[in-house]
Amino acid sequence: MHWSAGIVGTGSCLTPAGRANRDKTQGKGIRGTDIMDSYNSFHVLQQQIREAAAILNLDSATVEFLSWPQREYRFTLPVRMDDGTFRIFHGYRVQHSFARGPAKGGIRFHPDETADTIRALAGWMTWKTAIVDLPLGGGKGGVICDPRQMSERELEAVSRAYVRAVARVIGLEQDVPAPDVYTNPQTMAWMMDEYETIRGRHQPGAFTDKPLQVGGTEGRRDATGRGGVISVREACRVRGIDPRGTFAIQGFGNAGQRVALLHKQILGGRLVAACDSRGGIVSEGGIDPKELVTYKLRTGSVVGFPGATPVDRDDILEAEVDVLYPAALENAINGDNVARVQARIICELANGPTTPEADVILFEKGIHVIPDLVASAGGVTVSYFEMVQDSSRFFWTEEEVHRRLDQRISTAYHSVQKAVREKHVHPRLAAMVVGVARVAQACKLRGWVS
Ligand code: GLU
């Protein structure tokens, strides 16, 4: 019943038969390329829902309902490349929940994307928006492509083709996309422009994290990082840790770069280790975040940063630091490396960076994990502020955005902490309990389940 979404663009929605096939794609990219790990994030999502539901005593119909996206779409995108040939890209949009409002979540451009990863990410957005108490649901989209191998014109063509495929099922009242891995405000500007052309009207709030000149908000660019740093500030208070200690960043993309600058600016502290997909660097004496960001933007990587020692990319997760920010992809901290993780606080800026097995071990080790559902919620929170400002056509100052963000993230952090204490569970499960309870309540009030 919840798979009733119609055919979109040149592709079709995934059907229940697609579920039976999912094991075939597990661990594989859609085009058969190996993904970097053997964890299926969608199975992880479903397991997390079952665990939260057991604590909340939810009935089996509610669990089944929450375990599947309400709607999902896949489509093929034909695009003319710079050399004149056509390439067919595969795109997805998954709308996990509309219970609390329109679906909300990013669009990724990544070569290893899978339908199940996007399903999981869409579900995590549902809990994330509920935990920060936004009147939104959860969604996520993706295109299997490698932006690092594509020209600006090709990226624009893929972005516009994507919108032509989904235009009928997104928009302010249905589903509002934003950037995610390897997409950015320019991608959103192209997408919004294509969408407005199709609709024949001004609709800036249909996409968020746009450039300021076309309806973006102050404070969106660094919102994810700022939200993470605010949650670390609260965690340091709770745990009695001096926030001016050491920190490390795994993944030096949008979120990683911003958090490097903001952690130092807001909390003080010394960046001692960082990595990106090409490798890692450490420097006990400290790395200047500003210089590292400039270096990364100039050379494309942190590797080779003057004065730092080169190390293996994955060593960064094992650095002995006060705060570790995983800011790359899913399943970075897992059964293989969790025993060697030594940070005192882990602030999950990436979505789903810790596997369920590792969650339990981190909890036993006494490491204070700020789960992604709180730690990375700054982005979607300010996206929501952007939607509100676009609708009223009245824009706030940067200070106002910061103030409201701080309040939302601090409140969310402490509501999860309260659930940790009351339910005696690890922080991710506590966050799930808070989020799932709110979504289940909305489903019940709507009369979808009892
Ligand atoms: N992609 C970001 C996230 O995963 C932001 C989503 C949004 O702003 O809608 O939270």
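What comes next is a walk through the structure.

The rules behind each value
- Residues numbered from 1 in each chain as written.
- Predicted model: local features only at pLDDT ≥ 70, side-chain atom pairs only at ≥ 80, totals over all residues.
- Heavy atoms only, no water.
- Salt bridge = Lys/Arg side-chain N within 4 Å of Asp/Glu carboxyl O.
- Helix = DSSP H or I, 4+ residues; strand = E, 2+ residues; numbered from the N terminus.
- Buried < 20%, exposed > 50% of the residue type's maximum accessible area, 1.4 Å probe, protein only.
- Pairing = 2+ DSSP bridges.
- Axes fitted to C-alpha atoms, helices over the stretch in contact; angles between N-to-C directions.
- Contact = heavy atoms within 4.5 Å.
- Near = heavy atom within 4 Å.
- Polar contact = N/O pair within 3.5 Å; in protein donor to acceptor, adjacent residues only side chain to side chain.
- Areas by Shrake-Rupley, 256 points an atom, 1.4 Å probe, with all protein chains shown as cover.
- Nonpolar A, V, L, I, M, F, W, Y, C, P; charged D, E, K, R; others polar.
- Phe/Tyr/Trp six-rings, centres within 6.5 Å; stacked < 30°, edge-to-face > 60°.
- Lys NZ or Arg CZ within 6 Å of the ring centre and 35° of its normal.
- Core = buried A, V, L, I, M, F, W, Y, C linked by side-chain atoms within 4.5 Å.
- Parallel < 35°, antiparallel > 145°, perpendicular 65-115°, else oblique.
- Left-handed = near helix turned anticlockwise from the far one by under 90°.

## Describing the pattern of salt bridges
Tallied over the entire structure, the rule returns 34 salt bridges. E72 serves as the salt-bridge partner of R119, at 2.9 Å between the closest nitrogen and oxygen. Residue R119 is found in helix 4 (residues 115-131), and its partner E72 is found in strand 1 (residues 71-80); the two are separated by 47 residues along the sequence. Exposure remark for R119: the relative accessible area of 2% places this residue in the buried category. Linked by salt bridges that have partners in common, R108, E113, K140, D180 and E330 make up one network.

## As for the sheet that holds strand 5 (residues 175-179)
Taken together, the 5 strands give an open sheet; going across it, the order is 1-2-4-3-5, and neighbouring strands pair in mixed fashion. The open sheet is flanked by strand 1 and strand 5, the only strands paired with a single partner. Adjacent strand axes in the sheet meet at a mean angle of 20 degrees, parallel and antiparallel pairs treated alike. In this sheet, strand 4 (residues 138-144) lies alongside strand 2 (residues 86-97) in antiparallel orientation, the contact comprising 7 bridges. Following the sheet pairing, S97 is matched in strand 4 by G138. This element, helix 6 (residues 185-199), spans strand 3 (103-109) and strand 5 of the sheet and lies at about 145 degrees to strand 5.

## What to know about the side chain of H90
On the secondary structure map, H90 appears in strand 2. A residue is classified by how much of its surface remains accessible, and H90, at 19% relative accessible area, is buried.

## Overview of the site of the ligand
Taken together, 14 residues form the shell around the ligand, and within it K104, K128, P179, D180 and S383 come nearest. At 2.8 Å, a side-chain N or O of D180 approaches a nitrogen atom of the ligand. Here the ligand, which alone exposes 290 Å², has 94% of that area covered by the protein. Residue assignment for the shell around the ligand shows that the elements contributing at least two residues are strand 3, helix 4, strand 5 and helix 12 (378-392). Residues that form the shell around the ligand fall into these classes: 4 nonpolar, 5 polar and 5 charged.

## Topic: the sheet that holds strand 8 (residues 279-287)
Spatial strand order, 9-8-7-6-10-11-12: 7 strands in an open sheet with mixed pairing. Strands with a single pairing partner mark the edges of an open sheet, and in this sheet they are strand 9 (309-311) and strand 12 (368-370). Going from strand to strand, the sheet's axes swing by 20 degrees on average, the running direction of each strand aside. Of the pairings in the sheet, the one linking strand 11 (residues 345-347) to strand 12 comprises 3 bridges and is parallel in character. Along strand 12, the bridge assignment pairs C347 with I370.

## What about the environment of E398?
Within the secondary structure layout, E398 lies in helix 13 (residues 398-423). Judged by its relative accessible area of 33%, E398 falls in the partly exposed class. Separated by 253 residues in sequence, E398 and C145 place their C-alpha atoms 34 Å apart. Setting aside residues up to four positions removed in sequence, E398 forms contacts with E218 and G219.

## Side note on the packing of aromatic side chains
The final tally for this structure, using the stated rule, is 8 aromatic pairs. Ring geometry for Y384 against F385: centres 6.1 Å apart, planes inclined by 50 degrees, an arrangement best described as tilted. Of the two residues, Y384 and F385, both sit in the buried class. Three or more aromatic residues joined by ring pairs make a cluster, and in this case those are Y384, F385 and W396. Across from the ring centre of F42, 5.4 Å away, lies the NZ or CZ of R119, which sits over that ring. Sitting over the ring of W396, R404 keeps its end group 4.6 Å from the ring centre.

## Structural notes on the nonpolar core
By size, the foremost hydrophobic cluster in this structure holds 84 residues, and its most contacted members are L66, W127, I249, L292, Y325 and I370. Counting residues per element, this core draws most heavily on helix 14 (residues 427-446), at 11 residues. Apart from residues lying up to four places away in sequence, I370 is in contact with S231, V232, A235, I345, I346, C347, E348, A375 and Y413. Ranked by size, the runner-up nonpolar core spans 28 residues in total, among them I107, V169, M191 and F207.

## Description of the packing of helix 7 (residues 223-239) against helix 13
Between helix 7 and helix 13, whose axes approach to 9 Å, the crossing angle comes to 50 degrees. Comparing the axis directions of helix 7 and helix 13 gives the class oblique. Crossing angle aside, the handedness with which helix 7 passes helix 13 is right-handed. Side by side, helix 7 and helix 13 meet where A223, R226, G227, I230, S231, R233, E234, A235 and V238 of the first sit next to H402, L405, D406, I409, S410, Y413, H414 and Q417 of the second. The class makeup of the residues in the contact of helix 7 with helix 13 is 7 nonpolar, 6 polar and 4 charged.

## With respect to unusual backbone geometry
Located in the positive-phi region is N57, a residue other than glycine, with phi close to 55 degrees. Mapped onto the elements of the fold, N57 is located in the loop between helix 2 (41-56) and helix 3 (60-66). Residue N57 is classed as exposed on the basis of its relative accessible area of 69%. Positive phi values are uncommon outside glycine, yet D209 reaches one of about 65 degrees.

Geometric values such as these leave the question of function open.
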